[in-house]
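Structural overview for review
Letter by letter, the chains look like this.
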Amino acid sequence: MKHLLLIMTVCLSAAAGATDAPPCLDHGSPLQMNDQQVIDWKHTSKNQFHARAHIQGKLTQLYRDKTGHHHFQMQIEATTPDSIEVIYNEDFGTVPPLTVGASIEACGDYITSNQNAGGYSASPDGAIVHWLHKSTNNSHDSGYLIIDGVVTGQN
(Lines give C-alpha, C1' and ligand atoms only; values in the text may rest on other atoms or scores of the structure.)
Protein backbone atom coordinates (compact mmCIF):
# COMPACT_ATOMS: atom_id res chain seq x y z
CA MET A 1 0.00 0.00 0.00
CA LYS A 2 2.84 2.39 0.88
CA HIS A 3 4.41 1.73 -2.55
CA LEU A 4 1.09 2.50 -4.28
CA LEU A 5 0.78 5.81 -2.39
CA LEU A 6 4.33 6.71 -3.41
CA ILE A 7 3.53 6.01 -7.07
CA MET A 8 0.32 8.08 -6.81
CA THR A 9 2.26 11.00 -5.30
CA VAL A 10 4.82 10.93 -8.11
CA CYS A 11 2.03 10.77 -10.70
CA LEU A 12 0.22 13.74 -9.14
CA SER A 13 3.42 15.79 -9.27
CA ALA A 14 3.96 14.78 -12.89
CA ALA A 15 0.41 15.79 -13.78
CA ALA A 16 1.10 19.22 -12.28
CA GLY A 17 3.96 19.69 -14.77
CA ALA A 18 6.80 18.71 -12.45
CA THR A 19 7.90 15.46 -14.03
CA ASP A 20 11.18 15.19 -12.14
CA ALA A 21 9.87 16.11 -8.68
CA PRO A 22 10.66 13.58 -5.98
CA PRO A 23 7.81 12.46 -3.74
CA CYS A 24 7.05 14.67 -0.75
CA LEU A 25 7.68 12.49 2.30
CA ASP A 26 6.92 12.75 6.02
CA HIS A 27 8.91 10.19 8.01
CA GLY A 28 9.28 8.15 4.82
CA SER A 29 5.56 8.12 3.96
CA PRO A 30 4.03 10.11 1.09
CA LEU A 31 2.56 13.44 2.17
CA GLN A 32 -0.37 14.77 0.14
CA MET A 33 -0.99 18.51 -0.21
CA ASN A 34 -1.89 19.84 3.23
CA ASP A 35 -2.57 23.53 2.54
CA GLN A 36 -5.49 23.85 4.96
CA GLN A 37 -3.66 21.99 7.72
CA VAL A 38 -0.70 24.39 7.36
CA ILE A 39 -3.06 27.37 7.63
CA ASP A 40 -4.63 25.83 10.74
CA TRP A 41 -1.16 25.30 12.30
CA LYS A 42 -0.24 28.91 11.55
CA HIS A 43 -3.28 30.22 13.45
CA THR A 44 -3.52 27.70 16.30
CA SER A 45 -0.08 26.31 17.14
CA LYS A 46 2.53 27.70 19.55
CA ASN A 47 5.61 29.51 18.32
CA GLN A 48 8.24 27.04 17.01
CA PHE A 49 5.70 24.25 16.36
CA HIS A 50 7.32 22.00 13.74
CA ALA A 51 5.78 19.60 11.17
CA ARG A 52 6.04 18.65 7.49
CA ALA A 53 4.28 20.72 4.85
CA HIS A 54 3.35 20.12 1.22
CA ILE A 55 1.75 23.29 -0.08
CA GLN A 56 1.00 25.08 -3.33
CA GLY A 57 0.13 28.61 -4.31
CA LYS A 58 1.48 31.79 -5.86
CA LEU A 59 4.50 33.93 -5.09
CA THR A 60 3.09 37.24 -3.84
CA GLN A 61 6.06 39.16 -2.43
CA LEU A 62 9.85 38.98 -2.49
CA TYR A 63 11.77 39.54 0.74
CA ARG A 64 15.42 40.51 1.05
CA ASP A 65 17.72 37.51 0.58
CA LYS A 66 19.66 36.68 3.72
CA THR A 67 22.94 34.75 3.94
CA GLY A 68 22.49 32.71 0.78
CA HIS A 69 18.77 32.06 1.24
CA HIS A 70 15.89 33.26 -0.93
CA HIS A 71 12.95 34.50 1.16
CA PHE A 72 9.54 35.15 -0.34
CA GLN A 73 5.86 35.20 0.54
CA MET A 74 3.59 32.55 -0.88
CA GLN A 75 -0.19 32.85 -0.99
CA ILE A 76 -1.48 29.38 -0.13
CA GLU A 77 -4.33 28.18 -2.32
CA ALA A 78 -6.92 26.86 0.09
CA THR A 79 -10.50 27.59 1.09
CA THR A 80 -9.28 30.53 3.17
CA PRO A 81 -6.27 32.04 1.35
CA ASP A 82 -3.35 32.86 3.61
CA SER A 83 0.37 33.45 3.25
CA ILE A 84 3.54 31.83 4.51
CA GLU A 85 7.22 32.72 4.21
CA VAL A 86 9.21 30.33 2.04
CA ILE A 87 12.96 30.07 2.65
CA TYR A 88 15.19 28.35 0.10
CA ASN A 89 18.90 27.62 0.64
CA GLU A 90 20.85 28.48 -2.53
CA ASP A 91 23.52 25.88 -1.68
CA PHE A 92 21.18 23.21 -3.11
CA GLY A 93 20.80 24.71 -6.58
CA THR A 94 19.84 27.88 -8.33
CA VAL A 95 16.23 28.93 -8.68
CA PRO A 96 14.55 30.28 -11.79
CA PRO A 97 13.82 34.02 -11.70
CA LEU A 98 11.50 34.76 -8.80
CA THR A 99 8.59 36.86 -9.98
CA VAL A 100 5.33 37.83 -8.33
CA GLY A 101 2.60 35.53 -9.63
CA ALA A 102 4.86 32.51 -10.15
CA SER A 103 3.26 29.14 -9.39
CA ILE A 104 4.88 27.50 -6.36
CA GLU A 105 4.85 24.01 -4.86
CA ALA A 106 6.87 23.48 -1.70
CA CYS A 107 7.67 20.33 0.25
CA GLY A 108 9.61 20.88 3.45
CA ASP A 109 9.55 21.68 7.14
CA TYR A 110 6.85 23.96 8.53
CA ILE A 111 7.59 26.11 11.60
CA THR A 112 5.24 28.53 13.33
CA SER A 113 7.27 31.74 13.62
CA ASN A 114 5.16 34.44 15.24
CA GLN A 115 7.74 35.49 17.87
CA ASN A 116 11.52 35.83 18.00
CA ALA A 117 13.24 32.58 18.97
CA GLY A 118 16.82 31.34 19.20
CA GLY A 119 18.31 34.43 17.57
CA TYR A 120 15.82 34.35 14.68
CA SER A 121 13.28 37.11 14.12
CA ALA A 122 9.61 36.27 13.76
CA SER A 123 8.50 35.73 10.17
CA PRO A 124 6.56 38.62 8.60
CA ASP A 125 3.96 35.95 7.71
CA GLY A 126 3.89 34.25 11.13
CA ALA A 127 5.11 30.92 9.72
CA ILE A 128 7.79 29.51 7.43
CA VAL A 129 8.47 26.50 5.25
CA HIS A 130 12.14 25.62 4.76
CA TRP A 131 14.39 22.56 4.16
CA LEU A 132 13.21 22.66 0.55
CA HIS A 133 16.11 20.56 -0.70
CA LYS A 134 17.67 17.15 -0.84
CA SER A 135 18.51 16.01 2.67
CA THR A 136 22.09 16.11 3.88
CA ASN A 137 21.51 13.21 6.28
CA ASN A 138 19.56 9.95 6.38
CA SER A 139 17.47 10.89 9.41
CA HIS A 140 15.64 13.79 7.72
CA ASP A 141 13.29 13.60 4.73
CA SER A 142 14.28 15.58 1.65
CA GLY A 143 12.20 18.47 0.39
CA TYR A 144 11.94 20.42 -2.82
CA LEU A 145 10.71 23.66 -4.36
CA ILE A 146 8.95 23.88 -7.72
CA ILE A 147 8.71 27.29 -9.38
CA ASP A 148 6.57 27.44 -12.54
CA GLY A 149 7.19 23.73 -13.12
CA VAL A 150 10.98 23.86 -12.54
CA VAL A 151 12.16 21.60 -9.70
CA THR A 152 14.93 22.99 -7.48
CA GLY A 153 16.73 21.78 -4.40
CA GLN A 154 18.02 18.48 -5.70
CA ASN A 155 21.71 19.40 -6.16
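Just above, that's the structure.
This text gives an overview of the structure that appears in the document. (Residues numbered from 1 in each chain as written. Predicted model: local features only at pLDDT ≥ 70, side-chain atom pairs only at ≥ 80, totals over all residues. Heavy atoms only, no water.)

Along its length, the protein carries two helices and nine strands. Going residue by residue from the N terminus, the α and β elements of the protein occur as α-β-β-α-β-β-β-β-β-β-β. Within the protein, contacts between residues at least 6 apart in sequence are counted, and of these 57% link residues at least 24 apart. Looking at the protein as shown, the accessible area adds up to about 8000 Å², and 55% of this sits on carbon and sulfur atoms. (Helix = DSSP H or I, 4+ residues; strand = E, 2+ residues; numbered from the N terminus. Contact = heavy atoms within 4.5 Å. Areas by Shrake-Rupley, 256 points an atom, 1.4 Å probe, with all protein chains shown as cover.)

Pairing is possible between side chains of opposite charge, provided their charged atoms come close. With the rule as written, the count across this model stands at two salt bridges. Two residues, Arg52 and Asp109, come together in a salt bridge whose shortest N-O distance is 2.9 Å. On the criterion of sequence distance, the pair formed by Arg52 in strand E3 (residues 50-62) and Asp109 in strand E6 (residues 103-112) is long-range, its members being 57 residues apart. (Salt bridge = Lys/Arg side-chain N within 4 Å of Asp/Glu carboxyl O.)

Let us now look at the state of the cysteines. Under the criterion given, the structure shown has one disulfide. For Cys24, the disulfide goes to Cys107, at an S-S distance of 2.1 Å. Residues Cys24 and Cys107 are joined through a disulfide that is right-handed, its torsion about the S-S bond being 85 degrees. In this pair, Cys24 sits in the loop between helix H1 (2-15) and strand E1 (25-26) while Cys107 sits in strand E6, placing the two residues 83 residues apart along the sequence. (Disulfide = S-S within 2.5 Å.)

What follows is about unusual backbone geometry. For His27, which is not a glycine, the phi torsion comes out positive at approximately 55 degrees. Tracing the sequence through the fold places His27 in the loop between E1 and strand E2 (29-30). Given a relative accessible area of 73%, His27 falls into the exposed group. The backbone of Gln48 sits at a positive phi, close to 75 degrees, despite the residue not being glycine. For Gln48, the location among the structural elements is in the loop between helix H2 (35-44) and E3. (Buried < 20%, exposed > 50% of the residue type's maximum accessible area, 1.4 Å probe, protein only.)

All right, on to the pairing of E6 then. Side chains on a regular strand alternate between the two faces of the sheet. Here E6 lies mainly inside the structure; nine of its 10 residues are buried. In this structure, E6 lies alongside strand E8 (residues 144-147), joined through four bridges in antiparallel fashion. Across the sheet, Glu105 pairs through a bridge with Ile146, a residue of E8. One ladder, built from four bridges, connects E6 with strand E7 (residues 127-130); its direction is antiparallel. Among the inter-strand pairings, Asp109 is bridged to a residue of E7, identified as His130. (Pairing = 2+ DSSP bridges.)

Next up on the list: the environment of Asp20. Here Asp20 shows up in the loop between H1 and E1. Measuring from C-alpha to C-alpha, the distance between Asp20 and Gly149 comes to 9.5 Å, with 129 residues separating the pair along the chain.

Turning our attention to the packing of aromatic side chains. By the definition in use, this model includes three aromatic pairs. Seen in terms of ring centroids, Trp41 and Tyr110 are 5.3 Å apart; in terms of plane orientation they differ by 45 degrees. Their pairing is tilted. Of this pair, Trp41 sits in helix H2 while Tyr110 sits in strand E6, placing them 69 residues apart in sequence. Accessibility classification places Trp41 together with Tyr110 in one group, the buried group. Of the aromatic side chains, those joined through ring pairs into one cluster are Trp41, Phe49 and Tyr110. (Phe/Tyr/Trp six-rings, centres within 6.5 Å; stacked < 30°, edge-to-face > 60°.)

Keep in mind these numbers describe shape, not what the thing actually does.
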